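Summary of the model geometry
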Amino acid sequence: MLFIIFSLQWVKKDSHFLVPFHRNRKELFMAQNYRALTRTYRPQTFDDIVSQEHVRSTLKNASKQNRISHAYMFCGPRGVGKTTMARVLARAVNNIDTEIDGESLNQTLNIVEMDAASNRKIDDVRALKEVIRVPPQNGRYKIFIIDEVHMLTKEAFNALLKTLEEPPAHAIFIFATTEPHKVLPTILSRVQRFDFKRIGVEEIISRLKVICARESITIDDESLHVIARRADGALRDALGLMDQAIAFCGDEITYSELLKALNIVDRNDLFTLIDIIRERNSGAGLTLIGELIQAGTDIQEFLVTLTEHIRNLYVALDSECLHLVEATEATRERYVEQASAFSEDDLIRMLHLVSDAQFRIRDARQPRVQFEILLLK
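A short tour of the structure in this document, coming up.

Procedures and definitions
Residues numbered from 1 in each chain as written. Predicted model: local features only at pLDDT ≥ 70, side-chain atom pairs only at ≥ 80, totals over all residues. Heavy atoms only, no water. Helix = DSSP H or I, 4+ residues; strand = E, 2+ residues; numbered from the N terminus. Buried < 20%, exposed > 50% of the residue type's maximum accessible area, 1.4 Å probe, protein only. Areas by Shrake-Rupley, 256 points an atom, 1.4 Å probe, with all protein chains shown as cover. Pairing = 2+ DSSP bridges. Axes fitted to C-alpha atoms, helices over the stretch in contact; angles between N-to-C directions. Parallel < 35°, antiparallel > 145°, perpendicular 65-115°, else oblique. Left-handed = near helix turned anticlockwise from the far one by under 90°. Contact = heavy atoms within 4.5 Å. Nonpolar A, V, L, I, M, F, W, Y, C, P; charged D, E, K, R; others polar. Expected span 1.5 Å × (residues − 1). Patch = residues over 30% accessible without salt bridge, like charges linked within 9 Å, V, L, I, M, F, W, Y side chains within 5 Å. Salt bridge = Lys/Arg side-chain N within 4 Å of Asp/Glu carboxyl O. Phe/Tyr/Trp six-rings, centres within 6.5 Å; stacked < 30°, edge-to-face > 60°.

This part covers the overall build of the chain. On a plain count of helices and strands, the chain comes out with 18 helices and 7 strands. Going through the 377 residues of the chain one by one, you find that 42% of them count as buried. Accessible area for the chain stands at about 21100 Å²; split by element, carbon and sulfur atoms hold 51% of it.

For the rest of this paragraph, the subject is the sheet that holds strand 1 (residues 71–75). The strands that make up a sheet pair up through hydrogen bonds in the backbone, lying either parallel or antiparallel. Spatially, the 5 strands line up as an open sheet ordered 2-3-4-1-5, and their pairing is parallel. Every interior strand has two partners, whereas the edge strands, strand 2 (111–115) and strand 5 (192–195), have only one. Taken pair by pair, the neighbouring strands of this sheet meet at an average axis angle of 15°, ignoring direction. By the bridge criterion, 6 bridges tie strand 3 (residues 142–147) to strand 4 (residues 171–177) in an arrangement that is parallel. The residue of strand 4 that forms the bridge with I143 is I172.

Each packed pair of helices is defined by two parameters, the angle between the axes and the distance between the axes. Interaxial distance between helix 6 (residues 122–133) and helix 7 (residues 154–165) falls to 8 Å at its minimum, and their mutual angle equals 20°. Comparing the axis directions of helix 6 and helix 7 gives the class roughly parallel. In the crossing of helix 6 with helix 7, the sense of the turn from one axis to the other is right-handed. For the pair formed by helix 6 and helix 7, the contact residues are I122, V125, K129 and I132 on the first element and E155, A156, A159, L160 and T163 on the second. A breakdown of the residues in the contact of helix 6 with helix 7 according to their chemical character gives 6 nonpolar, 1 polar and 2 charged.

Moving on: helix 7. With 12 residues, helix 7 extends 16 Å between its outermost C-alpha atoms, agreeing within 8% with the 16 Å of an ideal straight helix rising 1.5 Å per residue. Every buried residue of helix 7 is accounted for by A156, F157, A159, L160, L161, T163 and L164. At its buried positions, helix 7 is contacted by strand 1, helix 6, strand 4 and helix 8 (185–188).

A cluster of nonpolar side chains, Y314, L317 and I348, forms an exposed patch at the surface whose accessible area comes to about 210 Å². Along the chain, L317 turns up in the loop between helix 15 (299–316) and helix 16 (329–339).

The next thing to look at is the environment of A247. Residue placement: A247 occurs in helix 11 (residues 235–249). For the pair A247 and A261, spaced 14 residues apart in the sequence, the C-alpha separation amounts to 8.8 Å.

In this structure the tally under the stated criterion is 8 aromatic pairs. Taking 5.7 Å as the distance between ring centres and 25° as the angle between the ring planes, the aromatic pair formed by F144 and F173 counts as stacked. Linking F144 in strand 3 with F173 in strand 4, this pair joins segments that are 29 residues apart in sequence. For F173, a relative accessible area of 0% puts it in the buried group. Seen in terms of ring centroids, F173 and F175 are 6.1 Å apart; in terms of plane orientation they differ by 35°. Their pairing is tilted.

According to the relative accessible area criterion, L317 is partly exposed, its value standing at 33%. Taking C-alpha positions, L317 is 8.7 Å from Y335, a pair spaced 18 residues apart along the chain. Each residue touching L317, except ones within four places of it in the same chain, is listed here: A339, F342, S343, E344 and L347.

Attention now goes to the pattern of salt bridges. What the rule picks out here adds up to 18 salt bridges. E179 serves as the salt-bridge partner of K182, at 2.8 Å between the closest nitrogen and oxygen. Between R267 and E222 there is a salt bridge; the shortest N-O distance is 3.5 Å. Placement of the pair is R267 in helix 13 (residues 267–279) and E222 in helix 10 (residues 221–231), with a sequence separation of 45 residues. As far as the burial class goes, R267 and E222 line up, both buried.

Right, here's the structure in full:
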């Protein structure tokens, strides 16, 4: 006992001895609670939102002019900012400080978020209607954000209809959905609808460059184009792919390493295959197919990418349409050079062959053989 007391007194006198230990524990805690880029860089103001200018400017002006509607419907594909825009609007309407991030807004009591995919029954809507009656604790409005609203049952929609038509003065509804055609017309007629568009490749690349600069990540332009194209218009998907690339490559992302991390078809293989077709070298083509399959390349995904490649060659035949090819300037020049060896009829025929092969190979027992037949044709 005396030894323990003496030890505690010694530690108290030399308290600096404990500082490194606490610092290491804090760093370890932070490392274990890493937040994904999609969460870390979620916009908090209208100006932070990438693209969607038509929605952003309308809602921003409505907020400034105090012309907020009682119900909104945000429609569009995944990952384009529907829920984020709803949270930004809720923050602007109630003047919520930016220190409270978007994921913590529903803890302010004045903002209620509900996932209609898991709360889709009439009893869930009835419980929500009880909450709607209660005025906001502080602030001016009580805002209800319902995500994937098309998942609500018909009975749940009907239970919400009267409240949506004549809501309390303090209530604002914001619905988000990827399938607006599944929402009842009676609901759509009572909301202001905004259709979100897919985010362009260049806009995604611009946002990724800003994030990479903040995170001290080095990445080349070709890799940025790969991630942006793979995201298919969804910024959230692009940030998820960037997170995956950083986990695999570290602070320096290169094109060759990125292809391994995301298991993406190498564009150089596509150019090589088209050159083989131009030279009518069947032996080299069969060898290349064998190497691709040996490397674990998915045939179906390769055909999808090959279709896009041939389409880009067709576009590159007309220099005035070259801006439609989503690639770096160096890659566009390669498309122009390779396209010059083919006629429009050749490329259209190749497009038809590859498109038909995608359907055949999907159900084929020997997809490799079908792939080889396609090449020989």
